[in-house]
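# Commentary on secondary and tertiary structure
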Amino acid sequence: MRTRCILPALGALTLLAAIVSPADAAGAIEGGGRQALNMPAIVMFFAFVAATLGITYWAARRTRSAADFYAAGGGITGMQNGLAIAGDYMSAASFLGISGLVFASGFDGLIYSVGWLVGWPIILFLIAERLRNLGKYTFADVASFRLEQTPIRSLSAVGTLTVVAFYLIAQMVGAGKLIELLFGLPYLYAVILVGALMIIYVAFGGMVATTWVQIIKACLLLGGATFMALMVLVHFGFSPEAMFRAAVDIHPKQISIMAPGNLVTDPVSAVSLGLALMFGTAGLPHILMRFFTVADAKAARKSVFYATGFIGYFYILTFIIGFGAITLLMNDPEYFKVAASGAYNKITDLLGGTNMAAIHLAKAVGGSLFLGFISAVAFATILAVVAGLTLAGASAVSHDLYASVIAKGRVAEDREVRLSKLSALVIGVVAIMLGYIFENQNVAFMVGLAFAVAASCNFPVLLMSVFWKGTTSRGVLIGGFLGLVSAVTMVVLSPAVWVKTFGFKAAYFPYDNPALFSMTIAFAGIWLFSKLDVSERARKEQAAYEPQYVRSETGIGAAGAMAH
Amino acid sequence: MTPDIFDKVKRDRRFQELVATRARFAWMLSGAMLVIYFGFIFIIAFAPKSLGTPIGASVITAGIPLGLFVIVSAFVLTGIYVRRANSEFDAITREIIEEVK
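Treat the numbers as computed from the prediction; the structure is a model and nothing was measured.

## Some thoughts on the overall build of chain B
For chain B, the count of helices and strands is 4 helices and 0 strands. Along chain B, from the amino end to the carboxyl end, the secondary structure elements read α-α-α-α. The C-alpha radius of gyration computed for chain B amounts to 21 Å, which surpasses the reference 13 Å derived for 101 residues by more than 25%, pointing to a less compact arrangement than a globule. Across its three principal axes, chain B shows a C-alpha extent of roughly 65 × 25 × 20 Å. By the burial criterion, 28% of the 101 residues in chain B qualify as buried. When contacts within chain B are restricted to residue pairs at least 6 apart in sequence, those whose partners lie at least 24 apart make up 60%.

## Let's talk about the packing of helix H12 (residues 267-281) of chain A against helix H17 (residues 445-467) of chain A
In a pair of packed helices, the angle between the axes and the distance between the axes together describe the arrangement. All names here are of chain A. At a closest axis distance of 8 Å, the pairing of H12 and H17 adopts a crossing angle of 60°. Comparing the axis directions of H12 and H17 gives the class oblique. The hand of the H12/H17 crossing is left-handed. Facing Leu-275, Ala-276, Leu-277, Phe-279 and Gly-280 of H12, the residues of H17 in contact are Phe-451, Ala-452, Ala-454, Ala-455 and Phe-459. Taken together, the residues of the contact of H12 with H17 break down into 9 nonpolar, 1 polar and no charged.

## Concerning the environment of Lys-408 of chain A
Residue and element names in this part refer to chain A. Here Lys-408 lies in the loop between helix H15 (357-406) and helix H16 (413-437). Of the residues examined, Lys-408 has 10 C-beta atoms within 10 Å and is grouped as exposed. The sequence separation of Lys-408 and Gln-149 amounts to 259 residues, and the corresponding C-alpha distance is 8.5 Å.

## Some remarks on the interface of chain A and chain B
With 42 residues of chain A in contact, the opposing surface of chain B contributes 44 residues. Among the elements of the structure, helix H6 (108-117), helix H7 (119-134), helix H11 (240-250), H12, helix H14 (297-329) and helix H22 (545-554) of chain A are those that each provide at least two residues to the side of chain A that touches chain B. The dominant element in the side of chain A that touches chain B, judged by the number of residues it contributes, is H14 of chain A, at 10 residues. Its residues assigned to classes, the side of chain A that touches chain B comprises 28 nonpolar, 6 polar and 8 charged.

## Remarks on H12 of chain A
An α-helix turns once every 3.6 residues. As a result, residues three or four positions apart point the same way. Residues and elements named next belong to chain A. Compared with the 21 Å implied by 1.5 Å per residue over 15 residues, the 21 Å span of H12 between its first and last C-alpha is a close match. Within H12, 12 of the 15 residues are buried, which leaves it mostly tucked inside the rest of the structure. Three or more residues of H12 are buried, namely Ser-269, Ala-270, Ser-272, Leu-273, Gly-274, Leu-275, Ala-276, Leu-277, Met-278, Phe-279, Gly-280 and Thr-281.

## Details of unusual backbone geometry
Most peptide bonds adopt trans geometry, and most residues besides glycine take a negative phi value. Residues and elements named next belong to chain A. One non-glycine residue, Phe-238, lies in positive phi territory at about 55°. Counting through the fold element by element, Phe-238 comes out in the loop between helix H10 (187-235) and H11. Despite not being glycine, Lys-408 has its phi angle at roughly 50°, a positive value.

## Some details on helix H4 (residues 63-100) of chain B
The terminal C-alpha atoms of H4 of chain B lie 53 Å apart, and with 38 residues this matches the ideal 56 Å at 1.5 Å per residue to within 8%. Roughly 40° is the biggest bend found in H4 of chain B, and it falls at Ala-85 of chain B.

## Re the nonpolar core
All names here are of chain A. Counting 239 residues, the largest nonpolar core has Val-194 and Leu-361 as the members making the most contacts within it. If you tally residues by element for this core, the top one is H15, at 28 residues. Aside from chain neighbours lying at most four places away, what touches Val-194 is Met-172, Ala-175, Ile-382, Leu-383 and Val-386.

## Quick word on the environment of Leu-493 of chain A
All names here are of chain A. Here Leu-493 lies in the loop between helix H18 (473-492) and helix H19 (495-499). Distance from Leu-493 to Gly-119, taken between C-alpha atoms, is 26 Å for residues 374 residues apart in sequence. With near-sequence residues (within four places) excluded, Leu-493 lies in contact with Trp-498, Ala-507, Tyr-508 and Phe-509.

## Overview of the packing of H12 of chain A against helix H20 (residues 515-531) of chain A
Residue and element names in this part refer to chain A. In the contact formed by H12 and H20, the axes pass within 8 Å of each other and the chain directions differ by 60°. Classed by the angle they form, the pair H12 and H20 counts as oblique. Touching Val-268, Val-271, Ser-272, Leu-275, Ala-276 and Phe-279 of H12 are Ala-515, Leu-516 and Met-519, all from H20. Of the residues contributing to the contact of H12 with H20, the split by class is 8 nonpolar, 1 polar and no charged.

Reading the values: the criteria
- Residues numbered from 1 in each chain as written.
- Chains lettered and ligands numbered in written order.
- Predicted model: local features only at pLDDT ≥ 70, side-chain atom pairs only at ≥ 80, totals over all residues.
- Helix = DSSP H or I, 4+ residues; strand = E, 2+ residues; numbered from the N terminus.
- Rg over C-alpha atoms; globule rule 2.2 N^0.38 Å.
- Buried ≥ 20, exposed ≤ 12 C-beta atoms within 10 Å, placed from the backbone.
- Contact = placed C-beta atoms within 7 Å.
- Axes fitted to C-alpha atoms, helices over the stretch in contact; angles between N-to-C directions.
- Parallel < 35°, antiparallel > 145°, perpendicular 65-115°, else oblique.
- Left-handed = near helix turned anticlockwise from the far one by under 90°.
- Nonpolar A, V, L, I, M, F, W, Y, C, P; charged D, E, K, R; others polar.
- Expected span 1.5 Å × (residues − 1).
- Bend = angle between axes of the 7 residues up to and from the residue.
- Core = buried A, V, L, I, M, F, W, Y, C linked by C-beta atoms within 7 Å.

In structure tokens, the structure reads:
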């Protein structure tokens, strides 16, 4: 048995640890050594892998053009895309992290999940259909629609790769820890397995395989979570009152689990966190790419509607699961590290840390077979999410950096796709190496950083180039770059990273989440430097707004679905 | 796709009406979402006690239905937008496109 430092590694809880109130980060997955091999989990996991490899084979045979590779040929329906988007969003971290947060502090988990959801309506109202009408494969297509290709695509690619890198490291480290714990597989093997599978999905199956892996996983996760929540409700005769009553009686924090705790403290932090969650979502490259996989604006809208429904439903389930875990686990020493005296802390002594609440609950309501199922689903979830990230990163390299910036658009389609596959391989190998290097590091802040960069660089660049006629290349380049740099700098100098991660005495920046400030810098920068730009090029770019505007509103001239 | 088409569409009165109506509608719904969400967050920041008020004799507090309301409202608002955009707005868009073809 190796002992490890506590590693709050998983994505959503990380965000919590990083940008909300680090004191609350009770929910770490503690790498207290490996478990014995979990056979039902392993069998079910291999069934999932076999099925997804079959899909990848099928997808590879029908992936011929660049449109197939990047955008599944535009042949995904609104409902399918809604499931895939929801799948991208319902990471293992949000499933385990939020139910763990509810388990540890009750109501605060609800506050947290609400923040994750409310970005979706904004994406629908302001971005989804315009993105579909203007873009082809990546959000850089939209941002650079009427602007200078080289600088704007370079900036978008840097924004994309930064978000993908931080997100991917957090996911890889979290995956390694979780798999080690659930399956008894050594950390390094787990990371290599995840990396190898994601390379195969992306390099061979492109967007078609990535989307279907995501859809299958979303269905499994929604199905499993529904079953758990139902079993909890059955236990209490479908009376929420009885469930909450039992939870209040059992939980050490008693009635205070029914009210806000210390997740949100001052208004500035609250607003800054809200902005990062809301607009960070609207700047995540792997999510934005999904809008190019549907046939038209109509399907793009529908996909957000379905996605919002699935995600909202999922968060309600995690809330019930968290309360179910309180009532069904806390009085059962089987799930805790019990001292010789027989005493245990009902929150912190949960085996594997509070993030394992949902996993333990699976055993409590469905026995070891269902535990195996949920463990396999958690693994599948990580796989699907990292595959989406890898595809977004590979597309930024091949479609934006290589085809447009380096080859200036003079590149054969099949060559571009080959390069994208190669990029997926490189990104995968780098992710495995980073996952290994960061094994014992605290990577808690990285998802928070990914969201901050997405909200402060990708989102302002996208919004301003689509909505404001006056936007020029110089404005976007300088403003977007300032947003990126300020977000990264402020996160690094914040209490969560500078003090908690690096161990310095005092933080230079007082807030854990910089979005309120870095977004302001980005928008003000784009506006100011566009205003100051009086070049001939700027005048042409502003004149080119009219046709872009008509196309963004009507879809005239937009790339249609490719028939297979 | 010639530049004339974009010009023609841009000058079309129905196009101007469409984008004005749709923009108003979208910003109104965005505003509603922002007010609901940040309202919820500000109550938590400034008056956390109020959300801990039990409803009647129940152990359930005001915060629980309010939190659920925020989740459901996000879904309902997207539904309202999609319903109108996919019927009324799309029909007008189709008309405009048919004409300039």
